Amino acid sequence: MNRLPVYNPASGALITKLPADDAASVAAKALRARAAQPGWAAVPLARRIACIQRFRTGVVAELPQLAAVMTQETGKPIGMSRNELNGLLGRIDFFLAEVASSTATQTVFSEGGMTEQIEHLPLGLVANISAWNYPWFVGANVFVPALLTGNAVLYKPSEYAAMTGLAIARLLHAAGVPSDVFVPLTGGGAVGAALLEQNIDGLFFTGSYATGAKIAQAIGPRRVKLQLELGGKDPTYVCDDANPQTAAASLADGAMYNTGQSCCSVERIYVHEAIYDAFVAAFVATVKTFPLGDPMLDSTYIGAITRAPQLDVLDAQVADAKAKGATLLLGGQRLPGPGHWYAPTVFAGVNHGMELMREESFGPLIGIQKVSDDAEAVRLMNDSRYGLTAGVYSPDETRARTLLAQLNAGSVYWNCCDRVSPRLPWSGYGDSGVGLTLSTYGIQTFTRPRAWHLRQP
Ligand code: NAD
């Protein structure tokens, strides 16, 4: 049997070797899930809702242990692991409250003996290939609404969050979701690739642009619904009328939270020249207060880099920025092991000729660029192949709304950043992806609408 080794990125220690899937076990599981799906779709919605409510109760009962597992395998600071699990409860509550109304059959026309209705059927068998950085959030954005709407789910958690993936499966099964209806698959990219070859009705992916592009190619001409939630290079503009200290405190958190390993981390900052110096000083002062160290300690803010190869990406962006004349204000290098560590790094005087303003850093690295007016800020913020989120800091709502309306991003923020709400759709422009999760649209996306044309005799 294949084994997947799981390492603690903060210490480098081997935690466990999990039994892993291979192409044959993936195919067998897919067949069983396909066979089980109609039975699950026939279960009354109230009973599916009750299963997810019991799952929520199970998460609450084990929350400290689940947070510890996530921290051990990803290096996420323990307080942030607890935040993710507590935030998850609100997402589950949203789906539970909204699923009935957003999937009820709708009569959209009724006149002269003619009635038109929209019915929401489950897609069928959906696959979810997921990322490690927020394994509970990004997983639950898919499996909770997919299960509630009557789909069977083949769930491939990241190999860097595989223990969390198995905990999710254990809790769902204990809550009454049949083991062939929610099926975890353990392994890395090869197991994900094997999953793509199965007879599935939908593929919901969260991860990097590079993998998303491979998946889109593999799905190719097959009639499989495809959603891709990919990376970003999220910009923020701090206007001349903003408070530089308040904006710096908020954006330092937005750039460094989860050690910069968030899809919606602030990755580029543009500051009006009138307050640039004050902002940069306040930003660096804030980042210096972030304690780095053992992710199991409540006091830790900066944890480990989860994937070792990301250290090379950070090194390359730092070297490139230095070589092209950026001013290094803080950090700029790996920290000694064991484990994978990078010093929180702040550059000023950057420009778009530098990689750190163009490609996702996905670590505690940020560039701050001076701009002379709003038009320059908008032009630079839109000078990206990505478009996940973008923000503006200003006390002037009209000015902020005018600027935000011009930005190519799925989510826009006024005086806030690095924020996701279950009530709002989560989607990206350009190379940040296609499709969406969350909101009532993120429930309906797991359904296939059937159009009913009914004429009375
Ligand atoms: P990744 O692309 O390396 O891996 C994601 C998943 O794809 C993993 O489960 C992996 O095993 C699997 N995989 C790898 N190769 C595959 C292949 N050939 N076929 C099928 N599956 C394959 O990404 P990651 O490092 O886990 O996550 C980080 C990335 O995810 C960042 O770019 C981040 O911005 C992005 N992300 C986006 C969102 C969003 O909502 N837009 C949320 C979280 C993370």
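On a predicted model such as this, the values are computed, not experimentally measured, just so you know. (Residues numbered from 1 in each chain as written. Predicted model: local features only at pLDDT ≥ 70, side-chain atom pairs only at ≥ 80, totals over all residues. Heavy atoms only, no water.)

Novice: I'd like a rundown of the site of the ligand, residues and numbers included.
Specialist: Around the ligand, a shell composed of 31 residues is seen, among which K156, E159, S208, T211 and E360 lie nearest. Within the contact set of the ligand, an oxygen atom lies 2.8 Å away from a backbone nitrogen or oxygen of S130. In this structure, W426 approaches the ligand through a side-chain N or O atom, which is 2.8 Å from an oxygen atom. The fraction of the free accessible surface of the ligand (850 Å²) that becomes covered by protein chains is 91%. Broken down by class, the residue content of the shell around the ligand amounts to 14 nonpolar, 11 polar and six charged. (Near = heavy atom within 4 Å. Polar contact = N/O pair within 3.5 Å; in protein donor to acceptor, adjacent residues only side chain to side chain. Areas by Shrake-Rupley, 256 points an atom, 1.4 Å probe, with all protein chains shown as cover. Nonpolar A, V, L, I, M, F, W, Y, C, P; charged D, E, K, R; others polar.)

Novice: Before we move on, could you go through the sheet that holds strand 9 (residues 225-229) and cite the residues and values that matter?
Specialist: Pairing within the open sheet is mixed, and its six strands lie in the order 7-6-5-8-9-22. Because the sheet does not close on itself, it has two edges, and the strands there are strand 7 (182-184) and strand 22 (433-434). Summarising the sheet, strand 8 (residues 202-206) and strand 9 pair through five bridges and their orientation is parallel. The residue of strand 9 that forms the bridge with F204 is Q227. In the packing of helix 8 (residues 209-219) onto the sheet, the strands contacted are strand 5 (125-129), strand 8 and strand 9, and the crossing angle to strand 9 comes to about 175°. (Pairing = 2+ DSSP bridges. Helix = DSSP H or I, 4+ residues; strand = E, 2+ residues; numbered from the N terminus. Contact = heavy atoms within 4.5 Å. Axes fitted to C-alpha atoms, helices over the stretch in contact; angles between N-to-C directions.)

Novice: Tell me about the packing of aromatic side chains, residues and numbers included.
Specialist: Considering all chains together, one arrives at 12 aromatic pairs under this definition. Ring centres 5.9 Å apart and planes at 80° place the aromatic pair F55 and F143 in the edge-to-face group. Within this pair, whereas F55 is found in helix 2 (residues 45-61), its partner F143 is found in helix 5 (residues 135-148), the two being separated by 88 residues in sequence. An identical accessibility class is assigned to F55 and F143; each is buried. Among the aromatic residues, those joined into a ring-pair cluster are F55, W136, F143, Y155 and F182. (Phe/Tyr/Trp six-rings, centres within 6.5 Å; stacked < 30°, edge-to-face > 60°. Buried < 20%, exposed > 50% of the residue type's maximum accessible area, 1.4 Å probe, protein only.)

Novice: With reference to specific residues and values, describe unusual backbone geometry.
Specialist: A cis amide bond, omega 5°, links G337 with the succeeding residue P338. In this structure, P338 sits in the loop between strand 13 (334-335) and strand 14 (341-342). In this structure, N258 takes a positive phi of about 55° despite not being glycine. In this structure N258 comes out as buried when scored by relative accessible area, which is 3%.

Novice: Which residues make up the pairing of strand 1 (residues 3-7), and what values go with them?
Specialist: Only one face of strand 1 is buried, namely the one carrying L4 and V6, since none of R3, P5 and Y7 on the opposite face is buried. Bridge count for strand 1 against strand 2 (residues 14-19) is five bridges, and the pairing is antiparallel. The residue bridging Y7 from the neighbouring strand is L14, located in strand 2. In textbook terms, the turn of a hairpin is the stretch between consecutive antiparallel strands, and for strand 1 and strand 2 this stretch comprises six residues, one of which, G12, has a positive phi near 80°.

Novice: Describe the nonpolar core, naming the residues involved and giving the relevant values.
Specialist: Judged by nonpolar contacts, the single largest core of 83 residues is most densely connected at F279 and F283. In terms of residues, this core owes the most to one element, helix 4 (residues 78-103), which gives 10 residues. Setting aside chain neighbours within four positions, we find F279 in contact with V238, P244, A247, A248, L251, I269, V271 and I368. Membership of the second largest hydrophobic core comes to 28 residues, among which are Y237, A390, L404 and A409. (Core = buried A, V, L, I, M, F, W, Y, C linked by side-chain atoms within 4.5 Å.)

Novice: Give a description of helix 9 (residues 244-256) that names residues and reports values.
Specialist: For helix 9, with 13 residues, the first-to-last C-alpha span of 18 Å sits near the 18 Å given by 1.5 Å per residue. Packed against the buried residues of helix 9 are strand 10 (234-238), strand 11 (266-272), helix 10 (276-288), strand 15 (345-348), strand 16 (365-371) and strand 18 (389-393). N-capping of helix 9 is provided by N243, with a side-chain oxygen placed 2.9 Å from the backbone N of Q245. N258 sits one or two positions beyond helix 9 and adopts a positive phi of about 55°. (Expected span 1.5 Å × (residues − 1).)

Novice: Explain the side chain of T306 to me, using residue names and the numbers behind them.
Specialist: Residue position: T306 is located in the loop between helix 10 and helix 11 (309-323). Within the structure, T306 has its side chain in polar contact with the backbone oxygen of T74 (distance 2.7 Å).

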